[in-house]
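# Structural description and commentary
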Amino acid sequence: MPTPEPLPPWRPLLRSAREREGRSPQARWLQLASAAADGTPRVRTLVFRGWSGSTALDLLTDGRSAKPTELARQPATELCWLLPRARSQFRLRGSLLTLPPELERRERERHWQMLSPGGRALWGWPPPGEPFDREAAFPEQLPDGSPLPAHFLLLRIALAQVELLELTGHPHRRRRWREQTGWQEEPLNP
Ligand SMILES: Cc1cc2nc3c(=O)[nH]c(=O)nc-3n(C[C@H](O)[C@H](O)[C@H](O)COP(=O)(O)O)c2cc1C
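Residues numbered from 1 in each chain as written. Predicted model: local features only at pLDDT ≥ 70, side-chain atom pairs only at ≥ 80, totals over all residues. Heavy atoms only, no water.

### Observations concerning the overall build of the chain
Operational definition: Here a strand is any run of E in DSSP of at least two residues, a helix any run of H or I of at least four, and the numbering for each starts at the N terminus. Note on method: radius of gyration uses C-alpha positions; expected globular size equals 2.2 Å times residues raised to 0.38. Buried residues are those whose accessible area, probed at 1.4 Å on protein chains only, stays under 20% of the maximum for their type, while exposed residues exceed 50% and partly exposed ones sit between those limits. In this description, contact between two residues means that some pair of their heavy atoms is separated by no more than 4.5 Å. With residues, only the protein chains shown are counted as cover, and all accessible areas are computed by Shrake-Rupley using a 1.4 Å probe. Charge convention: Lys and Arg are scored as positive, Asp and Glu as negative, and His as well as the terminal groups of each chain are ignored. A charged residue contributes its charge at one atom only: NZ of Lys, CZ of Arg, CG of Asp or CD of Glu.
A count of helices and strands for the chain gives four helices and nine strands. Along the chain, helices and strands appear, N-terminal first, in the series α-β-β-β-β-α-β-β-α-α-β-β-β. Compactness check: the chain gives a C-alpha radius of gyration of 18 Å against a globular reference of 16 Å for 190 residues, within 12% of the reference. Overall size of the chain, expressed as C-alpha extent along the three principal axes, is 55 × 40 × 40 Å. Scored against the burial criterion, the 190 residues of the chain give a buried share of 35%. For the chain, contacts bridging at least 24 residues in sequence account for 58% of all contacts bridging at least 6. With the model as given, the accessible surface of the chain reaches about 11400 Å², and the carbon-plus-sulfur share is 53%. Looking at charge distribution, the chain has the averaged site of its 28 positive side-chain charges lying 5 Å from that of its 22 negative ones.

This is the structure in structure tokens:
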């Protein structure tokens, strides 16, 4: 068994801020930015699906939506994760990883199987962002054992910089960690 990589110092801070949210689904919602083909910004909410190692995280999306194409063109991204109970904002900078095909297939399959039938159903809907088709089927569930759709995509984001702003005290507290400096904590003015 390979020894697990040590966790960078922001990981326990993020975990305790998430724990403050209790069982709220909001603790897993974050915003993902991308650049459209014309260079203008796009941002949307996604569900955090787990860590991959100590500094990469997994998101799931529909390959027929805009973001996978935007990230393929410009893999650099920033995620914003607001944890209101902890009055904390994490800004995570990184880039989309291209996984070896075998690993990618395995990881997509693993995530697909972990989803509930209701969670999976969205990938059985017609293409996102196209004009609404009232005749189309929008299943409420895709049962266990449903085949993995080609448009079920894993976005694995490798993080290179994390910034945390906490509004809990006076003055507010702002810190940054960068991979290039060994994730050493850098205090910043808020
Ligand atoms: C609370 C919440 C969670 C969402 N989770 C996801 C998700 O995990 N994956 C996803 O692709 N879209 C998710 N969406 C929908 C996206 O925000 C977005 O509308 C959709 O993916 C289309 O984005 P795009 O056209 O920019 O690609 C979620 C939306 C909300 C409001």
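The rest of the description comes next.
### Points about unusual backbone geometry
With omega at -5°, the peptide bond leading from His170 into Pro171 counts as cis. A positive phi angle is found at Arg87, which is not glycine, with a value near 50°. In this structure, Arg87 sits in the loop between strand E5 (76-83) and strand E6 (88-96). By relative accessible area, Arg87 is classed as partly exposed at 47%. The backbone of Trp183 shows a phi angle near 60°, a positive value even though the residue is not glycine.

### Description of the pairing of E6
Within a regular strand, the side chains alternate between the two sheet faces. Applicable threshold: Two strands pair if DSSP finds at least two bridges between them.
Pairing of E5 with E6, which is carried by eight bridges, proceeds in the antiparallel orientation. For Leu79, the partnering residue across the bridge sits in E6 and is Leu92. Connecting E5 to the next strand, E6, in antiparallel fashion are four residues, including Arg87 with a positive phi near 50°. Bridge count for E6 against strand E7 (residues 152-166) is nine bridges, and the pairing is antiparallel.

### Comments concerning the site of the ligand
As a reminder, the rule being used: We call a residue near a molecule or strand whenever a single non-hydrogen atom of that residue lies within 4 Å of it. Definition of a polar contact: a pair of N or O atoms within 3.5 Å, with one able to donate and the other able to accept a hydrogen when the atoms are protein atoms, and with sequence-neighbouring residues admitted only if both atoms are side-chain atoms. As a working rule, the residues Ala, Val, Leu, Ile, Met, Phe, Trp, Tyr, Cys and Pro are called nonpolar, Asp, Glu, Lys and Arg charged, and the rest polar, with Gly in that last group.
Near the ligand the following residues occur: Trp29, Arg44, Thr45, Leu46, Val47, Arg49, Leu60, Thr61, Ser65, Ala66 and Lys67. The contact in question runs from an oxygen atom of the ligand to an N or O atom on the side chain of Arg44, over 2.8 Å. When the free accessible area of the ligand is taken as 620 Å², the share hidden by the protein chains comes to 60%. Here the residues of the shell around the ligand are counted per class, giving five nonpolar, three polar and three charged.

### Some thoughts on the pattern of salt bridges
Between side chains of opposite charge, a pair can form when the charged atoms approach closely. Using the following cut-off: Salt bridge, as used here, is a side-chain nitrogen of Lys or Arg placed within 4 Å of a carboxyl oxygen of Asp or Glu.
Under the counting rule described, the total for this entry stands at 17 salt bridges. The partner of Arg120 in a salt bridge is Asp144, with the nearest N and O atoms 3.0 Å apart. Residue Arg120 is located in helix H4 (residues 117-120), and its partner Asp144 is located in the loop between H4 and E7; the two are separated by 24 residues in the primary sequence. For Glu163, the salt bridge goes to Arg174, with nearest N and O atoms at 2.7 Å.

### A word on the pairing of strand E8 (residues 173-178)
Judged from the six bridges that link them, E7 and E8 form a sheet pairing that is antiparallel. Pairing of Leu164 across the sheet is with Arg175, part of E8. In textbook terms, the turn of a hairpin is the stretch between consecutive antiparallel strands, and for E7 and E8 this stretch comprises six residues. Across four bridges, the pairing between E8 and strand E9 (residues 185-188) is antiparallel. By the bridge assignment for E9, Arg176 is matched with Glu186. The turn linking E8 back onto E9 is made up of six residues, and Gly182 within it adopts a positive phi angle of 70°.

Shape is all these values report; function is a separate question.
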